[in-house]
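# Survey of secondary and tertiary structure
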Amino acid sequence: MKTNYVLVLIVMLLGAVHGNAQNKALNPRLDILKIIDKSLKNATEQYKVLIKNVEPDKFPETFTKGYVKQKAPNGWVTGFYPGTLLYLYEATKDTVMYNAALQKLPLLEKQKYISSHDIGFMINCSFGNAYTIDPKAEYKETIITSAQTLASRLNPTVGCIRSWDSQKDFLVIIDNMMNLELLTLASKLSGDSSYKKIAITHADTTLKNHFRPDYSSYHLVVYDPLSGAVTRKKTVQGAGDETAWARGQAWALYGYTMMYREIGDRRYLEHAKGIAKFILDNPNLPKDKVPYWDFSAPDIPNALRDASAGALYASALIELAGFVDTKSAKEYIHVAETIIKTLSGPEYTAAIGDNGGFLLKHGVGSLPDKSFVDEPLAYADYYYVEAMLRYKNLGKGKR
Ligand code: GLY
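Note that the structure is predicted; figures quoted are calculated from it, not measured.

Note that an α-helix has 3.6 residues per turn; residues three or four places apart therefore point the same way. Compared with an ideal rise of 1.5 Å per residue, which puts 13 residues at 18 Å, helix 3 (residues 80-92) spans 18 Å between its outermost C-alpha atoms and is within 8% of the ideal. Here helix 3 lies mainly inside the structure; 10 of its 13 residues are buried. The set of residues buried in helix 3 consists of Phe80, Tyr81, Pro82, Gly83, Thr84, Leu85, Leu86, Tyr87, Leu88 and Tyr89. Looking at the buried residues of helix 3, the elements they touch are helix 2 (30-53), strand 1 (59-64), helix 4 (95-109), helix 5 (119-133) and helix 13 (378-392). Phi turns positive one or two residues past the end of helix 3, at Lys93, with a value near 60°.

With that out of the way, let us pick up the packing of helix 9 (residues 246-263) against helix 11 (residues 307-321). Taken N-terminus to C-terminus, the directions of helix 9 and helix 11 make an angle of 25°; their axes are 9 Å apart at the nearest point. Taken together, the axes of helix 9 and helix 11 are roughly parallel relative to one another. Both helix 9 and helix 11 take part in a crossing whose hand is left-handed. Along its contact with helix 9, which presents Ala246, Arg247, Gln249, Ala250, Trp251, Leu253, Tyr254, Thr257, Met258 and Arg261, the element helix 11 presents Ser308, Ala309, Leu312, Tyr313, Ser315, Ala316, Leu317, Glu319 and Leu320. Residue classes in the contact of helix 9 with helix 11 are distributed as 12 nonpolar, four polar and three charged.

Right, let's talk about the UniProt feature "active site" (unreviewed entry) in the chain for a bit. Under the UniProt annotation, "active site" (unreviewed entry) lies at Asp118 and Asp175. Taking the farthest pair of C-alpha atoms as the criterion, the annotated set spanning 58 residues converges on one region, since that pair is 8.9 Å apart. Within the element layout of this structure, Asp118 appears in the loop between helix 4 and helix 5. For Asp118, a relative accessible area of 13% gives the class buried. Once residues within four sequence positions are removed from consideration, Asp118 is found in contact with Trp76 and Asn179. Setting aside residues no more than four positions away along its own chain, Asp175 makes contact with Phe121, His219, Trp245 and Trp251.

As a further point, take unusual backbone geometry. In this model, Ile300 is joined to Pro301 through a cis peptide bond whose omega is 10°. Position of Pro301 among the secondary structure elements: in the loop between helix 10 (266-280) and helix 11. With a phi angle near 75°, Tyr215 is a residue other than glycine that sits in the positive phi range. Inspection of the secondary structure assignment puts Tyr215 in the loop between helix 8 (194-209) and strand 6 (220-223). Residue Tyr215 is classed as partly exposed on the basis of its relative accessible area, which comes to 33%. Even without being glycine, Lys370 reaches a positive phi, approximately 55°. Of note, Lys370 is situated in the loop between strand 8 (363-366) and strand 9 (371-375).

Next up on the list: the site of the ligand. As a matter of local geometry, the ligand sits amid Trp76, Asp175, Gln237, Trp245, Arg247 and Trp251. Here an oxygen atom of the ligand sits 2.6 Å away from a polar atom, N or O, in the side chain of Arg247. Considering the ligand on its own, with 200 Å² of exposed area, one finds that the protein chains cover 90% of that surface.

What counts, and where the lines are drawn
Sequence order as written defines residue numbering, which begins from 1 separately in each chain. Side-chain atom pairs in this predicted model are given and counted only at pLDDT of 80 or more, local residue features only at pLDDT of at least 70, and totals for whole chains, interfaces and linings cover all residues. Calculation of side-chain values draws on the structure's entire complement of heavy atoms; hydrogens and water are dropped beforehand. Think of it this way: any DSSP run of H or I at least four residues long counts as a helix, any run of E at least two long counts as a strand, and we number them from the N terminus. By this rule the span expected of a helix is its residue count minus one, scaled by 1.5 Å. Using a 1.4 Å probe on the protein chains alone, a residue whose accessible area is under 20% of its type maximum counts as buried, one over 50% counts as exposed, and one in between counts as partly exposed. The contact rule is simple, with two residues in contact once any of their heavy atoms fall within 4.5 Å. Angles here are taken between N-to-C directions and fall from 0 to 180 degrees, while the axes themselves are lines fitted to C-alpha atoms, restricted in helices to the stretch in contact. Should an angle lie under 35 degrees it is considered roughly parallel, over 145 roughly antiparallel, and from 65 to 115 roughly perpendicular; all remaining angles are considered oblique. Here is the rule for handedness: rotate from the far helix to the near one, and if that takes an anticlockwise turn smaller than a right angle the crossing is left-handed, while a clockwise turn gives right-handed. By the convention adopted, Pro, Cys, Tyr, Trp, Phe, Met, Ile, Leu, Val and Ala count as nonpolar, Lys, Arg, Asp and Glu as charged, and the other residues, Gly among them, as polar. UniProt positions are given in the numbering used here, feature names are shortened, and annotations may be inferred rather than shown by experiment. Note on definitions. A residue lies near a molecule or strand when any single heavy atom of the residue is within 4 Å of it. We call two N or O atoms a polar contact when they sit within 3.5 Å, provided that within protein one can donate a hydrogen and the other can accept it, with sequence-adjacent residues counted only if both atoms are side-chain atoms. For the area figures, the Shrake-Rupley method with a 1.4 Å probe applies, and any residue is considered shielded solely by the protein chains shown.

Structural data, given as structure tokens:
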């Protein structure tokens, strides 16, 4: 009995030492905090400009040719604008942000039956953030119903949730990893573990089929819906079938880090670390750490950068740093700091009043489709603000 107590004590002490070592590595730097505080304050002013440009029944997507391009509530980007407003409200307590976000929620609530894998982005970034601030029963209902809608796209033979619709093939894109957070949240809120199990199934199948041995990810994997066999691996938004599309790597890094946080399966952690290594050791990652739109873009070093992928790397790396040894944590945090600094500088951050009211310039939506090329993107702003909030929480033991 006594030996058991001593063992428990030793384990607790070791845990405390490990925890302290991590906390030290994860303490935020004062100069970066100063940059972040200024950026968040300016972002709140800049979003007041954006709010004025947004129509009551629409959601901003980008600023192009002098006007703010806006989507109907069923577009994939619609959760990001209210989500960013809610993050800015958390940061600055400016109620203009909160009220503008609340104005959009009823429009999004109607999307809870939309059959689209993007429902995770749409509902988790909006209602998920709203629920964190104010855990209302109606928000919870929207989240759970949306998770049911998403779960209905699972093909158990393939072991994945369907991304894009197609008559013949079963198409899964790496982006879909991001939507799993809606499922894990729904399980927590409802006590029904079936949503979480579907998230695990999708993550496991994707882990098996979507990655190359160097941990870089394909964009699209095509499955036979009847046998579940993989029939093709290719790209749609990247430079080539065998290249690493920068945002695709971001969806993968963020997705497996999030799945480790939610599920605690070390395979997800090891996978996220592998993806981080691919990104951070890549000779084509620029010194300022905001990636070219594809790691094998043909015109590197003159290729366009993608601010959205940079913002996602920063946010995901800050979270991943909380789960790894001190040396890796320091490396991840250092890269995240570099990205935040780069994105907060004049090359990427628009002057207040410019850019239609969006925060960041230089995002790449889909270069092969020539859409949203070198433009602001609602999701670039969202993950940039998220990264800054996560950085502010370093060392506080908070998410
Ligand atoms: N999920 C769509 C994109 O990353 O462009």
